[in-house]
2 protein chains.
Amino acid sequence: MDKQPDQALVRMLRDDRQHGSSELAQRVLAGLPDIIVHTEASTAAALRARLHDVADQLCAARPSMATITNQMASWKVALESFVGDDPERLRAHAVGATQRLQRQSQRAVEAAARNASRKLGTDQVVMTVSFSSTVRQVYQTLAPRIEAIVSESRPPSEGRQLAAQLSQLGIRTQFITDAQMGRFVSSADAVLVGADTVAADGSIINKCGTYLVALAARDCDVPFYACYESFKTSSLPAESIPIESYRPDEYNAPTLPHVTAHNVYFEITPPYLVSAWITEHGLFTHFPGSHC
Amino acid sequence: MDKQPDQALVRMLRDDRQHGSSELAQRVLAGLPDIIVHTEASTAAALRARLHDVADQLCAARPSMATITNQMASWKVALESFVGDDPERLRAHAVGATQRLQRQSQRAVEAAARNASRKLGTDQVVMTVSFSSTVRQVYQTLAPRIEAIVSESRPPSEGRQLAAQLSQLGIRTQFITDAQMGRFVSSADAVLVGADTVAADGSIINKCGTYLVALAARDCDVPFYACYESFKTSSLPAESIPIESYRPDEYNAPTLPHVTAHNVYFEITPPYLVSAWITEHGLFTHFPGSHC
């Protein structure tokens, strides 16, 4: 077991591939007070420097997730705004800042999900990929008057967890392999995905499979919506956003001479495939940027 | 063990989901002489009726595969053309017909693969889905001056077998999950797939995932070729071709209340996504139909 709570939090964030970035960012914010309290420092400046370092490590753990980057940037700004030398007062200030960010993010996710639920309405078949907590909230809001099509999203197959949660909500759900997405998209009334990051041009950075289902949705005249808290919007162009890759043995890829196996997690879905961006600020059929 | 060779052949055909339809059709034709010799009948008419029945059972075993349907139809025509009452002479005639069909099909596959190899040329990165023996022959023809991108094609993940064969041929191969196809298609110079059936309008009926990669290829300006022996061309419209489904436990799908899991094997790739159809008769940028 790790005795350093900051390293444990970094490790949790780095190793959890089941949850989406909003959920993980919430867990990070919930874990920070413990770190703030236990970080040793005799001056406010020393404490601030160490907490900045923690924030930077958290950002580096999941470079494809702008929520983490943006919330840590906001938190660092809050740390900078503290005036005084008393480390204990800075601790209280820093804890307050994480709690404010947590509430702000929770409210944004709820409002984004509410806006998406309104747009979709009841008695629709809604297809998704991966496991976004914002999208799950939409299903929950409309349950049981919504149907779902869920793809496995391999690896680590977090679609299986989503299907289990939808089952508990009493939602009629169709479960498919990722390769069947093209076959099933025409049975859906809409495709709704979350986002790990939304790039400066409105490109959606999300789990691999998202671009494929967006292409199929366009080809079948099914609307494709991305629903996310605006904390996820990055000022970087899509091509500059780091894309996470993991070890191919996560899906037991073959190891053979001349064969290189890949396990790229995320991909870019360009804005021309997005029917609408739905955030806490509303629904936008043209990408509103980060300042809506 | 099954003592009836006809039932064993039907079962082999029904249960083998690793091989493409040309390969399976070859195995069926290779297995028929044993059945012809061992089918009991005292008259030619009785023998013909029993062999017709075997042909019908083989067609029904894999309804998505026009190669089987077309070759069995040709074989039945050959049986009909026999004149006389001697069952032994009909046996010899029937065996001769299977051998002729086998040679014709082998030559067609070789010529189709040769035509595709010529079109691709050397030093290209060629992406594929599933495991087509015709496509494998193209890789083999151009080895080692070709690179491959191979998707898992789950279930039963026959892409793993293709990767193993390409590895043995010394071909540099990139192996990916099905969900990563959209991410990798832009690294390819061309996408080349086989077909289980080509419908009357040129739609390609092939393993699920084919439509998705064809959409991504179009979006990335990468040509998408289908390469097949013309035995695979059906006179039916795409929507009328039976699509095989299997038990979802083949991929260990969840069994949960309200959740229905699917394991549809094949899907339709419409002709507007096909850059060229390549058969033993040449390369066609407009679908040539079945009479080229």
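All of these numbers come straight from a predicted model, not from anything done at the bench.

Conventions we followed
- Residues numbered from 1 in each chain as written.
- Chains lettered and ligands numbered in written order.
- Predicted model: local features only at pLDDT ≥ 70, side-chain atom pairs only at ≥ 80, totals over all residues.
- Heavy atoms only, no water.
- Contact = heavy atoms within 4.5 Å.
- Buried area = accessible area lost by both parts, 1.4 Å probe.
- Salt bridge = Lys/Arg side-chain N within 4 Å of Asp/Glu carboxyl O.
- Polar contact = N/O pair within 3.5 Å; in protein donor to acceptor, adjacent residues only side chain to side chain.
- Helix = DSSP H or I, 4+ residues; strand = E, 2+ residues; numbered from the N terminus.
- Core = buried A, V, L, I, M, F, W, Y, C linked by side-chain atoms within 4.5 Å.
- Buried < 20%, exposed > 50% of the residue type's maximum accessible area, 1.4 Å probe, protein only.
- Least-squares fit on C-alpha atoms with pLDDT ≥ 70 in both.
- Phe/Tyr/Trp six-rings, centres within 6.5 Å; stacked < 30°, edge-to-face > 60°.
- Lys NZ or Arg CZ within 6 Å of the ring centre and 35° of its normal.
- Disulfide = S-S within 2.5 Å.
- Pairing = 2+ DSSP bridges.
- Axes fitted to C-alpha atoms, helices over the stretch in contact; angles between N-to-C directions.
- pLDDT = per-residue confidence, 0-100.
- Parallel < 35°, antiparallel > 145°, perpendicular 65-115°, else oblique.

Take the interface of chain A and chain B next. Residue-level contacts link 49 residues of chain A with 49 residues of chain B. For the pair chain A and chain B, the two sides together bury roughly 4000 Å², of which 56% comes from carbon and sulfur. Between chain A and chain B we count four salt bridges in total. In this structure, R154(B) engages E152(A) in a salt bridge whose closest nitrogen and oxygen atoms are separated by 2.5 Å. Across the chain A-chain B interface, the total number found is 33 residue pairs in polar contact (both at pLDDT 80 or more). No other element matches helix 9 (residues 210-219) of chain A, which puts six residues into the side of chain A that touches chain B.

A word on the nonpolar core. Counting 64 residues, the largest nonpolar core has M127(A), V191(A), M127(B) and V191(B) as the members making the most contacts within it. The contacts of V191(B), once residues within four sequence positions are left out, are M127(B), V185(B), V213(B), A217(B), V222(B), P223(B), F224(B) and Y225(B).

This part covers the relation of the copies chain A and chain B. Superposing chain A onto chain B requires a rotation of 180° together with a translation of 0.0 Å along the rotation axis, leaving an RMSD of 0.0 Å. When the rotation and shift are considered jointly, the pair of chain copies conforms to a two-fold rotation axis.

To continue, consider the packing of aromatic side chains. Note on aromatic pairs: each is described by the distance of the centres and the angle between the planes. Throughout the structure, instances matching the rule amount to eight aromatic pairs over all chains. Taken together, a centroid distance of 5.5 Å and an interplanar angle of 55° make the contact between W277(A) and F287(A) tilted. Placement of W277(A) in strand 10 (residues 276-279) and of F287(A) in the segment after strand 11 (282-284) is noted, with a sequence separation of 10 residues between them. Each member of the pair, W277(A) as well as F287(A), carries the same accessibility label: buried. Ring geometry for Y246(B) and Y265(B): centres 4.7 Å apart, planes at 75°, overall edge-to-face. Here Y246(B) is found in the loop between strand 7 (224-227) and strand 8 (259-261), whereas its partner Y265(B) is found in the loop between strand 8 and strand 9 (266-269), with 19 residues between them in sequence. Each residue in the set Y246(A), Y265(A) and F266(A) is aromatic and connected to the rest through ring pairs, giving one cluster. One Lys or Arg, K207(A), reaches over the ring of Y265(A) and ends 5.0 Å from the middle of that ring. In this structure, R17(B) packs its charged tip against the face of Y246(B), placed 3.6 Å from the ring centre.

Bringing the state of the cysteines into the picture now. Here the structure, examined in full by the defined rule, presents zero disulfides over all chains. The thiol sulfur of C208(A) is not disulfide-bonded, and the nearest other cysteine sulfur, from C220(B), lies at 13 Å. Exposure remark for C208(A): the relative accessible area of 7% places this residue in the buried category.

This part takes up the sheet that holds strand 9 (residues 266-269) of chain A. Residue and element names in this part refer to chain A. Strand order in the open sheet made by the three strands is 5-6-9, with antiparallel pairing throughout. Across the chains shown, the open sheet's two edge strands, defined by having one partner strand only, are strand 5 (197-198) and strand 9. Bridge count for strand 6 (residues 204-207) against strand 9 is four bridges, and the pairing is antiparallel. When the bridges of strand 9 are listed, I205 appears paired with I268. Seen against the sheet, helix 9 touches strand 6 and strand 9 and runs at an angle of roughly 30° to strand 9.

Attention now goes to the confidence of the model for chain A. With 98% of its residues at a pLDDT of at least 70, chain A reaches an overall mean of 95. For this predicted complex, the interface score ipTM comes out at 0.94, while the overall pTM is 0.95.

Attention now goes to the packing of helix 1 (residues 5-15) of chain B against helix 2 (residues 21-38) of chain B. All names here are of chain B. Remark: helix 1 packs on helix 2, axes separated minimally by 9 Å, with the N-to-C direction vectors making an angle of 170°. Considering the angle they form, helix 1 stands roughly antiparallel to helix 2. Here helix 1 contributes P5, D6, L9, M12 and L13 to the contact with helix 2, which in turn contributes L24, R27, V28, G31, L32, D34, I35 and H38.

The next subject is the sheet that holds strand 5 (residues 197-198) of chain B. Residues and elements named next belong to chain B. Strand order in the open sheet made by the three strands is 5-6-9, with antiparallel pairing throughout. In this open sheet, the two edge strands, each paired with only one partner strand, are strand 5 and strand 9. As defined by bridge partners, strand 5 adjoins strand 6 (residues 204-207) across two bridges and the pair is classed as antiparallel. Considered in strand 6, the bridge of T197 is made with I205. Running over the sheet, helix 9 (residues 210-219) touches strand 6 and strand 9 and is turned about 30° from strand 9.

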